[in-house]
Amino acid sequence: MSPPQDPEDEQGGGDPPGDLRSVLVTSVLNLEPLDEDLFRGTHYWVPSTQRLFGGQIVGQALVAAAKSVSEDVHVHSLHCYFVRTGDPKVPVLYQVERTRTGASFSVRFVKAVQHGRPIFICQASFQKAQPSPLQHQFSMPAVPPPEELLSHEAFIDQCLRDPKLQEKYQVGLNRIAAQEVPIEIKLVNPTTPCKLKKMEPKQMFWVRARGHIGEGDMKMHCCVAAYISDFAFLGTAILPHHWQYEVGFMVSLDHSMWFHAPFRADHWMLYECESPWAGKRDSQEPTASQHRRATLMAAPGAWFMGGCGVRTGSWLCPVPRRA
């Protein structure tokens, strides 16, 4: 992949010119080459669960795969399986197998390894851009623009100032506020802990990478979107049940994405998550992403605002515990 261009334009949403390179590009998704088709990735942000963030592994695996294809092909899709828990105390090795290199499509198999065992496997497809006379997309949901919404940090601060907030929620919100997550989030219709109720397994939020990425290589924006895509799956699945159960353990099992159109991951994207089914100790999370100008980046379920089309789906394995 070619490096992103210098910061010359503005971040989406009318913000001032970006003058700081996104940490997602400089650190999280900046893999160290060890040999041909062999890379090492380090960790920037580790969740409070002290397990590796699934989005980091997906994004780094896609970076490794993208380094093995030519500049003139774009990411088409990826299909992943999480097979073991990642250890945040050691780096991850990414081994790339060049399954097929064709005239139009190329396929790469990536295996993420720790302690000599695979923790994650991924099949990524790349294709040369080809125009199509067949075009359609879902309609973008009608939601307030990100400029009218509180940042995630401001929303948490607002909750912490509520005198009715229970101590157990104070601890959790303070822990979240202390985390240095390399993405910006603005929730649509957020619910405060004091007003928790049984909710539909749906949520939407605006999201973008912190810092500047620039136009550069489209494959890098796909890798950043892959990182972001795993952020809210688990929380969405338990929205109808949090009033009845305390979920002690949840992990992603598999994850798929389809990339439809060019986009900027450092511009605001509307992310729509929906869990249509839960049972048998797992749940399904289709999402779609759409650009702010209402270009579908992907389908169905999460919408990215910025001109990209990215469909993501993830299977989860929750282990509920009675409160």
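Parameters at a glance
- Residues numbered from 1 in each chain as written.
- Predicted model: local features only at pLDDT ≥ 70, side-chain atom pairs only at ≥ 80, totals over all residues.
- Heavy atoms only, no water.
- Helix = DSSP H or I, 4+ residues; strand = E, 2+ residues; numbered from the N terminus.
- Buried < 20%, exposed > 50% of the residue type's maximum accessible area, 1.4 Å probe, protein only.
- Contact = heavy atoms within 4.5 Å.
- Areas by Shrake-Rupley, 256 points an atom, 1.4 Å probe, with all protein chains shown as cover.
- Phe/Tyr/Trp six-rings, centres within 6.5 Å; stacked < 30°, edge-to-face > 60°.
- Core = buried A, V, L, I, M, F, W, Y, C linked by side-chain atoms within 4.5 Å.
- Salt bridge = Lys/Arg side-chain N within 4 Å of Asp/Glu carboxyl O.
- pLDDT = per-residue confidence, 0-100.
- Polar contact = N/O pair within 3.5 Å; in protein donor to acceptor, adjacent residues only side chain to side chain.
- Expected span 1.5 Å × (residues − 1).
- Axes fitted to C-alpha atoms, helices over the stretch in contact; angles between N-to-C directions.
- Parallel < 35°, antiparallel > 145°, perpendicular 65-115°, else oblique.
- Left-handed = near helix turned anticlockwise from the far one by under 90°.
- Nonpolar A, V, L, I, M, F, W, Y, C, P; charged D, E, K, R; others polar.

**As for the overall build of the protein**
In step 1: Along the backbone of the protein there are six helices and 14 strands.
In step 2: The buried share among the 323 residues of the protein stands at 47%.
In step 3: Long-range pairs, those at least 24 residues apart, make up 71% of the contacts in the protein with a sequence separation of at least 6.
In step 4: Carbon and sulfur atoms form 52% of the exposed surface of the protein, whose accessible area is close to 15700 Å².

**Considering the packing of aromatic side chains**
In step 1: Taken as a whole and assessed by the stated rule, the structure comprises three aromatic pairs.
In step 2: Ring geometry for F53 against Y227: centres 5.0 Å apart, planes inclined by 75°, an arrangement best described as edge-to-face. Of this pair, F53 sits in the loop between β2 (38-41) and α2 (54-66) while Y227 is found in helix α5 (residues 218-229), placing the two residues 174 residues apart along the sequence. Grouping residues by exposure puts F53 and Y227 together as buried.
In step 3: Ring plane angle 85° and centroid distance 5.1 Å describe the contact between F205 and Y271, whose orientation is recorded as edge-to-face. In this pair, F205 sits in strand β8 (residues 202-209) while Y271 sits in strand β10 (residues 269-274), placing the two residues 66 residues apart along the sequence. In this pair, the class of F205 matches that of Y271, namely buried.

**Observations regarding the nonpolar core**
In step 1: Grouped together as the largest cluster of nonpolar side chains are 60 residues, with contacts concentrated most on L62, L78, Y94, F120, F126, V224 and F259.
In step 2: It is α5 that contributes the most residues to this core, nine residues altogether.
In step 3: V143, L149, V188 and W206 belong to the second largest nonpolar core, which has seven residues in total.

**Section: the pattern of salt bridges**
In step 1: A complete count under the given rule lists six salt bridges for this structure.
In step 2: A salt bridge links R40 to E32; its shortest N-O distance comes to 3.0 Å.
In step 3: For E32, a relative accessible area of 37% gives the class partly exposed.
In step 4: Measuring nitrogen to oxygen at the nearest pair gives 3.5 Å for the salt bridge that ties D72 to K128. Of this pair, D72 sits in the loop between α2 and β3 (73-82) while K128 sits in strand β6 (residues 117-128); the two residues are 56 residues apart in sequence, bridging distant segments of the chain.

**Considering the confidence of the model for the protein**
In step 1: Averaged over every residue, the pLDDT of the protein is 76; residues scoring 70 or more account for 68%.
In step 2: Here residues 4-10 scores under 50 on pLDDT; set against residues more than four positions off or in separate chains, the count is 24 contacts.
In step 3: Under a pLDDT of 50 for its full length, residues 13-19 has, in the predicted model, 12 contacts with residues more than four places off or in other chains.

**Quick look at unusual backbone geometry**
What you tend to see is this: most non-glycine residues have negative phi, and most peptide bonds are trans.
In step 1: At D37, a position not held by glycine, the phi torsion is positive, near 60°.
In step 2: Position of D37 relative to the elements: it lies in the loop between β1 (32-35) and β2.
In step 3: Classification of D37 as buried rests on a relative accessible area of 14%.
In step 4: Located in the positive-phi region is H115, a residue other than glycine, with phi close to 55°.
In step 5: Examined against the element boundaries, H115 turns out to sit in the loop between β5 (105-114) and β6.

**Brief notes about the side chain of Q114**
In step 1: Turning to its location among the elements, Q114 is positioned in strand β5.
In step 2: Of note is the side chain of Q114, whose polar atom sits 3.0 Å from the backbone oxygen of V90.
In step 3: A distance of 3.4 Å separates the side chain of Q114 from the backbone oxygen of P91, its partner in a polar contact.

**A few points about α5**
In step 1: For α5, which comprises 12 residues, the first-to-last C-alpha distance of 16 Å matches the rise-based estimate of 16 Å (1.5 Å per residue) to within 8%.
In step 2: In terms of burial, α5 is a largely internal element, 12 of the 12 residues being buried.
In step 3: Listed as buried for α5 are M218, K219, M220, H221, C222, C223, V224, A225, A226, Y227, I228 and S229.

**Examining the packing of α2 against α5**
The description of two helices packed together rests on the angle between their axes and the distance between the axes.
In step 1: Between α2 and α5, the shortest axis-to-axis distance is 7 Å and the interhelical angle comes to 160°. In terms of orientation, α2 lies roughly antiparallel with respect to α5. The way α2 lies across α5 gives a crossing that is right-handed. Residues G55, Q56, V58, G59, L62, V63 and A66 of α2 form the contact with α5, whose own contacting residues are K219, C222, C223, A226 and Y227.
In step 2: Split by residue class, the contact of α2 with α5 holds eight nonpolar, three polar and one charged.

**Some words on α2**
In step 1: Helix length check: α2, at 13 residues, gives a terminal C-alpha distance of 18 Å against a target of 18 Å (1.5 Å per residue), a fit within 8%.
In step 2: Counting buried positions along α2 yields 13 of 13 residues, so the element is predominantly enclosed.

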